[in-house]
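Here are the chains, one letter per residue:
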Amino acid sequence: MSSIRNGREEQNCCCDLLFHQFDPAGTPRGGAGNIPHKASRQGVAGPPPAPSPPPAMSSSRKDHLGASSSEPLPVIIVGNGPSGICLSYLLSGYTPYVKPDAVHPHPLLQRKLTEAPGVSILDQDLDYLSEGLEGRSQSPVALLFDALLRPDTDFGGNMKSVLTWKHQEEHAIPHVVLGRNLPGGAWHSIEGSMVTLSQGQWMGLPDLEVKDWMQKKRRGLRNSRATAGDIAHYYRDYVVKKGLGHNFVSGAVVTAVEWGTPNPNSCGAQDSSPLFQVSGFLSRDQGRQPFSLWARNVVLATGTFDSPARLGIPGEALPFIHHELSALEAATRVGALTPASDPVLIIGAGLSAADAVLYARHYNIPVIHAFRRAVDDPGLVFNQLPKMLYPEYHKVHQMMREQSILSPSPYEGYRSLPGHRLLCFKEDCQAVFQDLKGVEKVFEVSLVLVLIGSHPDLSFLPGAGADFAVDPDQPLSTKRNPIDVDPFTYQSTRQEGLYAMGPLAGDNFVRFVQGGALAVASSLLRKETRKPP
C-alpha cells in the first residue's frame, strides 16, 4: 500500500467498515444500579465500594450468561467484530511463537526475535520488540503484530507469517464476548456486494488467511479486494473453525457498565482491583431477557458505526431525511425513487457519500451532491487514493470537480454543490443552502442522505465515555479524540481494568486492530499470572 493511501486510512476512514463500489450483481438493567459510579477525570481515586456479586442469571454455560458460582468472570468483551474475535482467539489459549527457522526481513526486529527463542510473543516485552518499527499506524504494537503476520506486505511482497500458533489450554482465560449481531459485528449489516477498501489479505485474522478461506469456498478477490458479504461470512466462519463459539453471545445489547471497589470480605474480592457489572438484555423471539454479569476486566471493542453523525440543523428529523445508505437502497427497491423523481440530495465528501452517488447513478436517479470542502482540498479522501486501485471513486471525484449546479452538465443527472453550507430542511421536501458568497439557494429534493461519518455509541458508560477520551472536554471521536489508552496494554489511562481497542483506541483498520488484541491479551495474561491462588 502506498503512503498516499495510508494518509486516507489515518485521516478519513473510521474503520474498515467503509465500503465502496456498488455492484449491480449483487431495558431493564438487572440491578446495575447497585453500584452507581460517577466517572472522574482523575482516574480511579475514590470509587464507591461494590457489593458482593450475586450469582449469575443462568446456570447454563450454553447461554454464556451464567456460572455455577458467584465468582466474577476474568474478562467481558463488549463487541464481537474483528477486534473482539481476535482477542477471543488469543484468550482461548492460542499462543503465537516465532518459527524456529523464520528470518524476518527487518534486521532490528529479527535480532530481537532471536534473543528469546521459544518464548511466546505474549510473554515478551512488546515495548522493546516494537521499538524502531515504522509504518501506517500510530500504534507501536499494531505495527509489531502486523510485521509478524505480514512481514513485507508494504513492499508488495507476500512473505508468509513468521509466527506459528500453539493451542495451550493452560494459557486460556475465561471470557464472554457480547455483540448485537452475529460474530463479525457491523459487517453483517452492510450490503454484501460492496467491496472493501483494504486489500482482502489485510482483512484476515491470525492463522486463517482470507485467500485460503475463499479458495475453499470457491470464491475470488476482485482486484485484490473482497466483498463485504464474503468478509462477514469469513468472520463468522473463523469463530466456528477456531472453536470460539462457546464464548460468543449474539443479540446482546449492553445498557450499563458500572464499577466500584469490592468489599474486602466479599466473594471474588481477591484484591483491591475494581469489579465491573455489565448489564443489558438479550433480544429473543419472546422479547427482551435482562442479564447482569460481573467481571474483573472489561474490554470495549464496539467499533464506530453505532451512531451516524448529524448536521444539527432545523428540519433534520423530517421523514425524508436519512443517515444511512440503506434508505436509498430501500426507496429504489420499492419504486419510490425513479429517474423521473426530484433529485436525491447526498451530503458529504467521503466514501459513503461516493457510494451513494454510484448507487444512484446506476439506477439513473438524479443527484445533487453537496459538500463543504473545496474539491482540491488535500484532506479530501479522493485526493489520497491511488487512481489505478480506485477508478470508481476517482470518477466520482471527477464529477465533483467538473460539475456545478449552475454550469452545463457533461454528466446527465448529476450536479455538485462544493463549498456549500446547509441551513435547514423544510417540510415540503426543500433544502436551503448558503454558498461561499452568503447567497441562499433552495432546492426541491425527493430524499436526503446525510453521510458525514459516524460516532461510537458508548451510552452505557458514565458520561457516554467522554471522560475517558484523550481530551475529556471534547466529544469522543475515533479519528480525532479516541479513548486514551496505554499504547502497550490498551488499558484506559483513567480506569484500571477498563480496556479499549479497535477504532475506539484509534486503530481504524482490521489490519491494525489485531495489535490491540495482542496488547490486551498480554496485559490480561500478566494479571492472571500475578493473581493470588
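This is a predicted model, so every value here is computed, not measured.

## A word on the nonpolar core
Across soluble globular proteins, nonpolar side chains have a tendency to be buried as a group. Residues L87, L178, V257, L300 and I483 are the most contacted members of the largest nonpolar core, which totals 88 residues. Top contributing element to this core by residue count: helix α11 (residues 510-530), with 9 residues. Dropping the residues within four chain positions of it, L87 is found in contact with I77, V299, M501, A517, V520 and A521. In terms of nonpolar packing, the next biggest core, distinct from the first, is built from 34 residues, A331, A353, L380 and M400 among them.

## Concerning the environment of C429
Structurally, the position occupied by C429 is in the loop between β18 (421-426) and β19 (430-434). Under the relative-accessibility criterion, C429 is labelled partly exposed at 24%. Linking C429 and F443, residues 14 residues apart in sequence, is a C-alpha distance of 8.4 Å. For C429, the contacting residues outside a window of four places in its chain are F320, F443, E444 and V445.

## Quick word on the sheet that holds strand β15 (residues 344-347)
Sheet architecture is open: 5 strands sit in the order β14-β21-β15-β16-β17, paired in parallel fashion. Among the strands making up the open sheet, the edge pair consists of β14 (321-322) and β17 (414-418). In this fold helix α8 (residues 325-333) packs onto β14, β15 and β21 (447-450), with an angle of close to 155 degrees to the strand it touches most, β21.

## So, the pairing of strand β6 (residues 175-179)
Of all the 5 residues making up β6, 5 are buried; the element is thus mostly covered by neighbouring parts of the structure. In terms of strand pairing, β6 meets strand β8 (residues 248-250) through 3 bridges, oriented parallel. What sits directly across from G179, in β8, is S250.

## Here's the deal with the sheet that holds strand β23 (residues 498-500)
The parallel open sheet is built from 5 strands, whose spatial order is β8-β6-β3-β12-β23. Both outer strands of the open sheet, β8 and β23, are each paired with one neighbouring strand and no more. Strand-to-strand twist in this sheet, taken as the mean axis angle between neighbours without regard to direction, amounts to 20 degrees. The pairing of strand β3 (residues 75-78) with β6 spans 4 bridges and is parallel. Across the sheet, residue V78 finds its bridge partner in β6, namely L178. Contacts between helix α2 (residues 82-91) and the sheet are confined to β3, β6, β8 and β12 (298-300), with β3 contributing the most and set at about 160 degrees to the helix.

## Concerning the packing of helix α5 (residues 140-149) against α11
Running from amino to carboxyl end, α5 crosses α11 at an angle of 110 degrees, the nearest separation of the two axes being 7 Å. Between α5 and α11, the angle is such that the two are roughly perpendicular. Across the interface between the two elements, V141, A142, L143, F145, D146 and L149 from α5 touch R511, F512, Q514, G515, L518 and A519 from α11. Tallied by class, residues from the contact of α5 with α11 come to 8 nonpolar, 2 polar and 2 charged.

## Things to note about α11
Taking 1.5 Å per residue as the helical rise, α11 with its 21 residues ought to reach 30 Å, and the 31 Å between its terminal C-alpha atoms agrees with that figure. Counting buried positions along α11 gives 17 out of 21 residues, so the element sits mostly inside the fold.

## Brief notes about the packing of aromatic side chains
Following the criterion strictly, the structure yields 12 aromatic pairs and no others. Their ring planes at 70 degrees and their centres at 5.9 Å tell us that F433 and F443 sit as a pair that is edge-to-face. Pair noted here: F433 is in strand β19 and F443 is in strand β20 (residues 440-444), with a separation of 10 residues, a long-range link. Here F433 matches F443 in class, with each residue buried. Clustering of aromatic rings is evident, with ring pairs tying together Y89, Y94, F145, W165, Y234, Y235 and Y238. One cation-aromatic arrangement involves R288 over F281; the distance from NZ or CZ to the ring centre is 4.0 Å.

## Observations regarding the pattern of salt bridges
One side chain can pair with another of opposite charge once the charged atoms of both are near each other. Scanning all chains against the criterion turns up 8 salt bridges. For D484, the salt bridge goes to R494, with nearest N and O atoms at 3.8 Å. Placement of D484 in the loop between β22 (454-455) and β23 and of R494 in the loop between β22 and β23 is noted, with a sequence separation of 10 residues between them. Exposure remark for R494: the relative accessible area of 14% places this residue in the buried category. When salt bridges with common partners are traced through the structure, they connect E71, R296 and E528 into a single cluster.

Criteria and thresholds
- Residues numbered from 1 in each chain as written.
- Predicted model: local features only at pLDDT ≥ 70, side-chain atom pairs only at ≥ 80, totals over all residues.
- Heavy atoms only, no water.
- Core = buried A, V, L, I, M, F, W, Y, C linked by side-chain atoms within 4.5 Å.
- Buried < 20%, exposed > 50% of the residue type's maximum accessible area, 1.4 Å probe, protein only.
- Helix = DSSP H or I, 4+ residues; strand = E, 2+ residues; numbered from the N terminus.
- Contact = heavy atoms within 4.5 Å.
- Pairing = 2+ DSSP bridges.
- Axes fitted to C-alpha atoms, helices over the stretch in contact; angles between N-to-C directions.
- Parallel < 35°, antiparallel > 145°, perpendicular 65-115°, else oblique.
- Nonpolar A, V, L, I, M, F, W, Y, C, P; charged D, E, K, R; others polar.
- Expected span 1.5 Å × (residues − 1).
- Phe/Tyr/Trp six-rings, centres within 6.5 Å; stacked < 30°, edge-to-face > 60°.
- Lys NZ or Arg CZ within 6 Å of the ring centre and 35° of its normal.
- Salt bridge = Lys/Arg side-chain N within 4 Å of Asp/Glu carboxyl O.

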